[in-house]
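# Working through the structure, step by step
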Amino acid sequence: MDRDTGNEPGAPKSALRIHQTIARDLGIAILNGSHPPGTLFEGEIESAGRLHVSRTAYREAVRILAAKGLIESRPKAGTRVTPRARWNLLDPDLLAWMFSDEPDPEFVRDLFELRGIIEPAAAELAALRRTDAHLAELAAALEQMRTHGLSTTAGRAADQRFHNAILAAAHNAALASLAGSVGAAVSWTTTFKHRKQRLPRDPIADHEAVLLAIRASDAVRARETMRALLGHALADMDLALPSR
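Residues numbered from 1 in each chain as written. Predicted model: local features only at pLDDT ≥ 70, side-chain atom pairs only at ≥ 80, totals over all residues. Heavy atoms only, no water.

The next point concerns the overall build of the protein chain. Assigned secondary structure in the protein chain consists of eleven helices and two strands. When the helices and strands of the protein chain are listed from N to C terminus, the series reads α-α-α-β-β-α-α-α-α-α-α-α-α. Across the 244 residues in the protein chain, those meeting the buried criterion constitute 44%. Once local pairs closer than 6 in sequence are excluded, the contacts in the protein chain between residues at least 24 apart make up 67%. (Helix = DSSP H or I, 4+ residues; strand = E, 2+ residues; numbered from the N terminus. Buried < 20%, exposed > 50% of the residue type's maximum accessible area, 1.4 Å probe, protein only. Contact = heavy atoms within 4.5 Å.)

Bringing the packing of helix 1 (residues 18-31) against helix 3 (residues 55-67) into the picture now. Relative orientation of the contacting elements helix 1 and helix 3 amounts to 50 degrees, with a least axis distance of 8 Å. With respect to their mutual orientation, helix 1 and helix 3 come out oblique. Pair helix 1 / helix 3 crosses with right-handed handedness. Every residue of helix 3 that contacts helix 1 at Ile 18, His 19, Gln 20, Ile 22, Ala 23, Leu 26 and Gly 27 is listed here: Ala 57, Tyr 58, Glu 60, Ala 61, Ile 64 and Leu 65. A class-by-class count of the residues in the contact of helix 1 with helix 3 yields nine nonpolar, three polar and one charged. (Axes fitted to C-alpha atoms, helices over the stretch in contact; angles between N-to-C directions. Parallel < 35°, antiparallel > 145°, perpendicular 65-115°, else oblique. Left-handed = near helix turned anticlockwise from the far one by under 90°. Nonpolar A, V, L, I, M, F, W, Y, C, P; charged D, E, K, R; others polar.)

Of note in this structure, Lys 76 is not a glycine but carries a positive phi near 70 degrees. Mapped onto the elements, Lys 76 comes out in the loop between strand 1 (71-74) and strand 2 (78-81). Look at His 171: it is not a glycine, yet its phi comes out positive at around 55 degrees.

With that settled, consider the packing of helix 7 (residues 153-169) against helix 10 (residues 204-215). Axis angle and axis distance: for two packed helices, these are the angle between their axes and the distance between the axes, and together they describe the pair. As a packed pair, helix 7 and helix 10 sit with axes 12 Å apart at the nearest point and diverge in direction by 25 degrees. Judged on the interaxial angle alone, helix 10 and helix 7 are roughly parallel. Helix 10 is crossed by helix 7, and the crossing has left-handed handedness. Contacts between helix 7 and helix 10 pair Asp 159, Phe 162, His 163 and Ile 166 from the former with His 207, Val 210, Leu 211 and Ile 214 from the latter. When grouped by side-chain class, the residues that make up the contact of helix 7 with helix 10 number five nonpolar, two polar and one charged.

A separate point is the pairing of strand 2. Side chains of strand 2 alternate between two faces, with Thr 79 and Val 81 buried and Gly 78 and Arg 80 left unburied. When strand 1 meets strand 2, the two strands line up antiparallel, connected through four bridges. Within strand 2, the residue paired with Ile 71 across the bridge is Val 81. What sits between strand 1 and strand 2 in their antiparallel hairpin is a turn of three residues, with Lys 76 showing a positive phi close to 70 degrees. (Pairing = 2+ DSSP bridges.)

This next bit is on the side chain of Ser 187. In this structure, Ser 187 sits in helix 9 (residues 179-193). Judged by its relative accessible area of 10%, Ser 187 falls in the buried class. Non-local contacts of Ser 187, meaning those with residues more than four positions away in its chain, are made with Arg 156 and Gln 160.

As a further point, take helix 6 (residues 132-148). The terminal C-alpha atoms of helix 6 lie 24 Å apart, and with 17 residues this matches the ideal 24 Å at 1.5 Å per residue to within 8%. For helix 6, every residue scored as buried is listed here: His 134, Leu 135, Leu 138, Ala 141, Leu 142 and Met 145. Take helix 6 and look down its axis: the buried residues cluster within an arc of 130 degrees, on one side only. With respect to the buried face of helix 6, the exposed residues turned more than 90 degrees away are Asp 132 and Ala 133. Packed against the buried residues of helix 6 are helix 5 (105-129), helix 7 and helix 10. Just downstream of helix 6, Gly 149 is the residue with a positive phi angle, here 80 degrees. (Expected span 1.5 Å × (residues − 1). Arc of directions from axis to C-beta.)

Attention now goes to the environment of Thr 225. Structurally, the position occupied by Thr 225 is in helix 11 (residues 219-236). As a C-alpha pair, Thr 225 and Ala 123 span 102 residues in sequence and 8.8 Å in three-dimensional space. If sequence neighbours within four positions are ignored, Thr 225 has contacts with Ala 209, Val 210 and Ala 213. Within the local environment of Thr 225, its side chain forms a polar contact with the backbone oxygen of Arg 221, the two atoms lying 2.8 Å apart. (Polar contact = N/O pair within 3.5 Å; in protein donor to acceptor, adjacent residues only side chain to side chain.)

The subject of this paragraph is the nonpolar core. Grouped together as the largest cluster of nonpolar side chains are 69 residues, with contacts concentrated most on Tyr 58, Leu 70, Phe 162 and Ile 166. In terms of residue count, helix 5 provides more of this core than any other element does, nine residues in total. Lining this core are residues from two domains, each supplying at least three of them: domain 1 (15-86) and domain 2 (92-240). In this structure, Tyr 58 is in contact with Ile 22, Leu 26, Phe 41, Glu 42, Glu 44, Ser 47, Ala 48, Leu 51 and Val 53, ignoring residues within four places of it in sequence. (Core = buried A, V, L, I, M, F, W, Y, C linked by side-chain atoms within 4.5 Å. Domains from an automatic or database assignment.)

As C-alpha cells, then:
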C-alpha cells in the first residue's frame, strides 16, 4: 500500500493522514473491481495487523468508506462491499479515486451525459439571471484558462472555476449544491483528456462562446453553446454518448 500518494495529480508526498490513505487505497481497490460488491473484509484486528496500522486508523478508514456508500459494517456480519448502486459516484473523493488509474470509458460517458443534463440548463438560467459580478468571475476564470492552458493544474482549476460560476449565476440553490460534484467532474475529465496526448484543438473558444451568450442574456444560445462545448470535450477523448 502506497501511503504517500495524495488525491490530486502531483500532490506532495505524505499529503494524507494514515486513515485517509487507507481509505483511498481500499476505495480504489473497490472501484477498480479488485474488491467487487459482496466482498467480505477480514476483521478489524486482522486488517489493521496486515496493513501495519493501528485499529483506530483502520476503523476511521472504514467510516470514510461507509459514508461514501462503498461498504457497510454490521455487528456479527462484518464489513462488506455494497452493490454499485449504493456508491456515491459523484463524491469528489470517489471521482479522484476513479481517475487515479484508467477509468471505465462507460463511466466517463456517464459523467458527460450527466453534465449534458445539468450544465446546458444552468447556462440557460445564467443568461437570464447573471449579475455583473458573475460576468466578472466568468471573465476572470476564462483569462486564467488562456494564461495557463488546460494541461496545467492552474488552468484546470480555472476551468472548474468557470463552470462553478455558471452554476452560481443560475441562482438556483439546488443547482449550486452540485458545484462540488460538477466541479470535480470537470477537473478530472479535463485531466483525463490531457493525460496521453495533446488535444487537436483549443477548447478556450468554446468557453468564450458560452460567456458571450451569457453576457448577451441569450438563453437559447447559452444552452446550445454549452451543449456544443460538452460535445467537443467528449469527442476529444474519442468517446461518444451511447444510444440508450
